[in-house]
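Descriptive analysis of the structure
Below, each chain spelled out in residue letters.
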Amino acid sequence: MSTRDFLEKDYYKTLGVPKDATADQIKKAYRKLARTYHPDANKGDTVAEDRFKEISEAYDVLSDTKRRAEYDEARTLFGSGGGFRAPGGGTGGAGVPFDFGDVFGGGAGGLGDVLGGLFGNRAGGTRTAARRGADVESTVTLSFDDAVRGATLPLRMASEQACPTCRGTGGRDGALPAQCPVCHGSGQTSRNQGGFAFAEPCRECRGRGLVVDDPCPDCRGSGRAMGQRTLTVRIPAGVKDGQRIRLKGKGGPGERGGPAGDLFVVVKVTPHRLFGRSGDNLTLTVPVSFAEAALGAEVKVPTLDGGPVTLRLPSGTANGRTFRVRGKGAPRKDGTRGDLLVTVEVAVPTKLAPEARSAVEAFRDATAGEDPRSGLLDGSRTGG
Ligand SMILES: [Zn+2]
Ligand SMILES: [Zn+2]
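A brief look at the structure comes next. No experiment lies behind these values; they were computed from the predicted model shown.

Some remarks on the overall build of the protein
Counting secondary structure elements, the protein contains 11 helices and 15 strands. Per-residue burial over the protein gives 38% buried out of 384 residues. Here the analysis covers contacts within the protein between residues at least 6 apart in sequence; of these, 61% occur between residues at least 24 apart.

Re the coordination of the zinc ion (ligand 1)
Those protein atoms acting as donors to the zinc ion (ligand 1) are Cys-163 (SG), Cys-166 (SG), Cys-216 (SG) and Cys-219 (SG), and they sit at 2.3 Å. Around the zinc ion (ligand 1), the 4 donor atoms are arranged such that angles at the metal cover 103 to 116°; this shape is classified as tetrahedral. Positions of the donor residues of the zinc ion (ligand 1), expressed as sequence spacing, correspond to C-x2-C-x49-C-x2-C. With Cys-166 in the loop between strand 2 (151-162) and strand 3 (178-179) and Cys-216 in the loop between strand 6 (210-211) and strand 7 (224-235), this residue pair connects regions lying 50 residues apart in the sequence. The pair formed by Cys-166 and Cys-216 is uniform in burial state, with each residue classed as buried.

Looking at the packing of helix 3 (residues 23-37) against helix 4 (residues 46-62)
Packed helices, taken two at a time, are described by the angle their axes make and the gap between the axes. The interhelical angle for the contact between helix 3 and helix 4, taken along N-to-C directions, is 160°, at an axis separation of 9 Å. In terms of their interaxial angle, helix 3 and helix 4 are classed as roughly antiparallel. Considering the relative orientation of helix 3 and helix 4, their crossing is left-handed. For the pair helix 3 and helix 4, the contacting residues are Ile-26, Lys-27, Tyr-30, Leu-33, Ala-34 and Tyr-37 in the first and Ala-48, Arg-51, Phe-52, Ile-55, Ser-56, Tyr-59 and Leu-62 in the second. Partitioned by chemical class, the residues of the contact of helix 3 with helix 4 number 10 nonpolar, 1 polar and 2 charged.

With respect to the coordination of the zinc ion (ligand 2)
Binding of the zinc ion (ligand 2) to the protein goes through Cys-180 (SG), Cys-183 (SG), Cys-202 (SG) and Cys-205 (SG), at separations of 2.2 to 2.3 Å. For the zinc ion (ligand 2), the 4 donor atoms are set out with angles of 104 to 116° between them, so the coordination reads as tetrahedral. Here the donor residues of the zinc ion (ligand 2) are spaced in sequence according to C-x2-C-x18-C-x2-C. Remark: Cys-205 occurs in the loop between strand 5 (196-201) and strand 6 and Cys-180 occurs in the loop between strand 3 and strand 4 (188-193); sequence separation between them is 25 residues. For the residue pair Cys-180 and Cys-205, the accessibility class agrees, reading buried in each case.

A closer look at the packing of aromatic side chains
Counted according to the given criterion, the structure contains 2 aromatic pairs. A centroid spacing of 4.0 Å and a plane angle of 5° characterise the contact between Tyr-30 and Tyr-59, whose relative ring orientation is stacked. With a gap of 29 residues between them, Tyr-30 in helix 3 and Tyr-59 in helix 4 connect regions that are remote in the sequence. Tyr-59 shares its class with Tyr-30; the two are buried. Aromatic side chains Phe-290 and Phe-363 sit 5.4 Å apart centroid to centroid with 70° between the ring planes, which places their arrangement in the edge-to-face category. Taken as a pair, Phe-290 in helix 9 (residues 290-295) and Phe-363 in helix 10 (residues 354-366) lie far apart in primary sequence, 73 residues in all. In this structure Phe-290 comes out as partly exposed when scored by relative accessible area, which is 46%. Positioned above the aromatic ring of Tyr-37, the side-chain terminus of Arg-51 is 5.1 Å from the ring centre. We note Arg-244 situated over the ring of Phe-264; from NZ or CZ to the ring centre the distance is 4.4 Å.

Here we look at the environment of Lys-27
Looking at the secondary structure, you find Lys-27 in helix 3. Lys-27 sits in the partly exposed class, given a relative accessible area of 35%. Taking the C-alpha atoms as reference points, Lys-27 and Tyr-59, separated by 32 residues in sequence, lie 7.7 Å from one another.

Quick word on the pattern of salt bridges
Within the structure shown, the criterion is met by 18 salt bridges. Among the ionic pairs, Arg-332 bridges to Asp-280, the shortest N-O distance being 3.0 Å. Here Arg-332, found in the loop between strand 14 (322-325) and strand 15 (340-347), pairs with Asp-280, found in the loop between strand 10 (275-278) and strand 11 (281-289); they are 52 residues apart in sequence, far enough to count as distant. With a relative accessible area of 33%, Arg-332 lands in the partly exposed category.

With respect to the environment of Ile-235
Relative to the helices and strands, Ile-235 is located in strand 7. Owing to a relative accessible area of 0%, Ile-235 belongs among the buried residues under this scheme. It is 8.8 Å that separates the C-alpha atoms of Ile-235 and Val-267, two residues lying 32 residues apart in sequence. Those residues in contact with Ile-235 that lie beyond four places of it in its chain are Val-140, Leu-142, Gly-150, Ala-151, Leu-153, Ile-245, Val-265 and Val-267.

What to know about the sheet that holds strand 14
In spatial order, the strands read 10-11-15-14; together these 4 strands make up an open sheet with mixed pairing. With one partner strand each, in any of the chains shown, strand 10 and strand 14 form the two edges of the open sheet. The sheet shows a mean angle of 35° between the axes of neighbouring strands, direction not considered. Two strands pair when backbone bridges link them, and strand 11 and strand 15 are joined in this way by 8 bridges, in the parallel orientation. Bridge assignment links Leu-282 to a residue of strand 15, and that residue is Leu-340.

Observations concerning the nonpolar core
Leu-142, Ile-235, Val-265, Val-267 and Val-301 are the most contacted members of the largest nonpolar core, which has 38 residues in total. Val-267 has contacts with Val-140, Leu-142, Ile-235, Val-239, Lys-240, Asp-241, Gly-242, Gln-243 and Ile-245, leaving out every residue within four places of it along the chain. By size, the runner-up hydrophobic cluster in this structure holds 17 residues, among which are Tyr-11, Tyr-12, Tyr-30 and Leu-33.

A short note on the side chain of Ser-186
On the secondary structure map, Ser-186 appears in the loop between strand 3 and strand 4. With relative accessibility at 7%, the residue Ser-186 sits in the buried group. Among the polar contacts made by the side chain of Ser-186, one reaches the main-chain carbonyl oxygen of Gln-188 at a distance of 2.9 Å.

Cut-offs and rules
Residues numbered from 1 in each chain as written. Chains lettered and ligands numbered in written order. Predicted model: local features only at pLDDT ≥ 70, side-chain atom pairs only at ≥ 80, totals over all residues. Heavy atoms only, no water. Helix = DSSP H or I, 4+ residues; strand = E, 2+ residues; numbered from the N terminus. Buried < 20%, exposed > 50% of the residue type's maximum accessible area, 1.4 Å probe, protein only. Contact = heavy atoms within 4.5 Å. Donors = N, O, S within 2.8 Å, 3.2 Å for Na, K, Ca; no water. Tetrahedral: all angles 85-135°; square planar, octahedral: opposite > 155°, others 65-115°. Axes fitted to C-alpha atoms, helices over the stretch in contact; angles between N-to-C directions. Parallel < 35°, antiparallel > 145°, perpendicular 65-115°, else oblique. Left-handed = near helix turned anticlockwise from the far one by under 90°. Nonpolar A, V, L, I, M, F, W, Y, C, P; charged D, E, K, R; others polar. Phe/Tyr/Trp six-rings, centres within 6.5 Å; stacked < 30°, edge-to-face > 60°. Lys NZ or Arg CZ within 6 Å of the ring centre and 35° of its normal. Salt bridge = Lys/Arg side-chain N within 4 Å of Asp/Glu carboxyl O. Pairing = 2+ DSSP bridges. Core = buried A, V, L, I, M, F, W, Y, C linked by side-chain atoms within 4.5 Å. Polar contact = N/O pair within 3.5 Å; in protein donor to acceptor, adjacent residues only side chain to side chain.

Next comes the structure, spelled out in structure tokens:
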């Protein structure tokens, strides 16, 4: 067991026995649990399989007087809230004299190993302890409507998963692996060099802590395989183009009981033919005629969902003026909606029928005295 295993795993809890349980109580508890969770009695149940491994691991340590004492001592030294205590002064929990070097792989280098194990593992540098799965990023492309309303969609992605042939055990026909005899399951061996001890991944088991006599031919004993998995992803209403959505625990699987990583879904939103987005608001540009803008009008405008709404333009509406239609925008998290912002754009006819031409000419003549550029060239009126 690595130091980290010692610190993170509560073997007493795993076996459901008190800290001062006798060897006999531990054996009885183990046998009862092992019968319940044995893989032969739970074919294909990976939860039971994992539980069985935990139970076996706990029993391996607690049934061995020396290792149990080491375990108790390590937890006393480094366990929750205990802080760091100088080595050499303690007595093992089971009354066995405690030797710092014994616990952590020997000699003067013991302390270095402990610290290396604690901090190295935490930084994810070695494979010996429980390791969190990798974060995975994937991209989905949503229609504008789906982005506004929210959507549930399948996301197919390549992922590392348990080898289907051996169900992740790494052994032929699903045979269970055995604890590595070289590193005793820690996945780590220590090497002495120049008076310092270095922890390195066990060569026998390549850091896995487990060995198989007859490896599964498909995964060559690793228990892992690349596969496709399909996740159903719920994209919340109102996502924006380029937004990253974090799906906790949906990333790569953890190792040695570690938690899965996270999946980040980057959303690409295809533009809409009519509508745009501005935060929670939808935007829409509506062409109006000069006459409508000048005289005022009622204009029907579309909404993204639901029927058109009538927009009342006052007379003398300027080109580019924006009107707000409340509650017709994108949904917000709290269930309310943003607004629809309608910008009018005065359309200038490119062709005029003779009758329309005469009318425009009559309008020009009628407004000959009003120069829209009067303030532009007349110096006396600047700043007014
Ligand atoms: Zn396999
Ligand atoms: Zn090993």
